[in-house]
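# Descriptive structure summary
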Amino acid sequence: MSDPTPNPAPAPPVTPGAPTDATMPSPQRGPTINIADEFGTAKRNLPPLKPLLLTSVGILIIVGVIAFLQRAKPQGGGSLDNVAAVELPGQNACLVALTFTLRNSGEKSLWVHDIKGKLATSGGEQSSDAVSAVDFDRYYQAFPALKANALPALAPEDKLQPGQETKRTVIVSFPVTLDAFNQRRSVSVAIQPYDQPVPVTLTK
């Protein structure tokens, strides 16, 4: 004779108002991730604004001070000691002999690359290359007034050793009358050394 079939276990009682299996949410699996934290925000990822601005201003000040201290300076100095000018007849121009003292105040030799004369008048500024030293005698013969207080010429490729001082003359021409030159604001000689960004400018 076979064993009798066991009766199924009775269902648990249902409490009124309690959620059933059908209405209960599925259990969440895996770690909880906040997508906003994953990608971040400017507030979370960027440093505070005030310290950042203070740091930037400090860096700019330091860079400015370094640039100021290391700015290009002339390698030498001196003075423009004598100016002698004559008018070129019928050419609305004048020749000017500029006698000056040049001093090499740098730590290396000053090699002369080129020489210019500069004239500032009420009508503006003029610039002119110095005439060749081989023409000095010819100009002195034609215009003896140029030779007043003149000294040997300074020429390209001349060299001054550190601390050396020399007195020289250059001759330049400007497209102005002698009267306009005599009413000038200033006249200068600009000596440009090799390997230097700033010329040595002597003004009177």
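Our structure is the block above this text.
Everything in this summary refers to the structure shown in the same document. All chains use their own residue numbering, which begins from 1 and follows the written sequence. Per-residue local features are limited, in this predicted model, to residues with pLDDT of at least 70; the limit for side-chain atom pairs, both in listing and counting, is 80 or more; totals at the level of whole chains, interfaces and linings are taken over all residues. Side-chain numbers come from the whole structure's heavy atoms, not from hydrogens or water.

### What about the overall build of the protein?
- Secondary structure elements follow DSSP: runs of H or I no shorter than four residues count as helices, runs of E no shorter than two count as strands, and numbering proceeds from the N terminus. Along the backbone of the protein there are five helices and eight strands.
- Going residue by residue from the N terminus, the α and β elements of the protein occur as α-α-α-β-β-β-β-α-β-β-α-β-β.
- Think of it in three bands: residues with accessible area under 20% of the maximum for their type are buried, residues over 50% are exposed, and the middle band is partly exposed, with areas taken using a 1.4 Å probe on protein chains only. Taking all 204 residues of the protein together, 26% fall into the buried category.
- We call two residues in contact when some of their heavy atoms are within 4.5 Å. Partitioning the intrachain contacts of the protein with sequence separation of at least 6 by distance along the chain shows that 71% fall at a separation of at least 24.

### Topic: the sheet that holds strand E6 (residues 165-174)
- The criterion for strand pairing is that DSSP finds at least two bridges linking the strands in question. With antiparallel pairing, the three strands of this open sheet are ordered in space as E1-E2-E6. Both edges of this open sheet fall to strand E1 (76-88) and E6, since each of them pairs with a single strand only. Neighbour to neighbour, the strand axes of the sheet diverge by 20° on average, direction disregarded.
- Across 10 bridges, the pairing between strand E2 (residues 93-104) and E6 is antiparallel. For Ala-97, the partnering residue across the bridge sits in E6 and is Ile-171. Comment: axis = line fitted to C-alpha atoms, over the contacting stretch for helices; angle = value between 0 and 180 degrees taken between N-to-C directions.

### Description of the environment of Ala-150
- The residue Ala-150 is located in the loop between helix H4 (136-142) and strand E5 (159-160) in this model.
- Relative accessible area serves as the criterion here: at 23%, Ala-150 is assigned to the partly exposed category.
- When the C-alpha atoms of Ala-150 and Ile-171 are compared, they prove to be 9.8 Å apart, with 21 residues separating the residues in sequence.
- Other than its neighbours up to four places away in sequence, Ala-150 contacts Thr-99, Tyr-140 and Thr-169.

### Description of the pairing of strand E8 (residues 200-203)
- A one-sided burial pattern is seen for E8, the buried positions being Val-200 and Leu-202 and the unburied ones Thr-201 and Thr-203.
- Across four bridges, the pairing between strand E7 (residues 186-193) and E8 is antiparallel. Its bridge partner lying in E8, Val-189 is registered against Leu-202.
- Between E7 and E8, which pair antiparallel one after the other, the connecting turn spans six residues, and Asp-195 there sits at a positive phi close to 60°.

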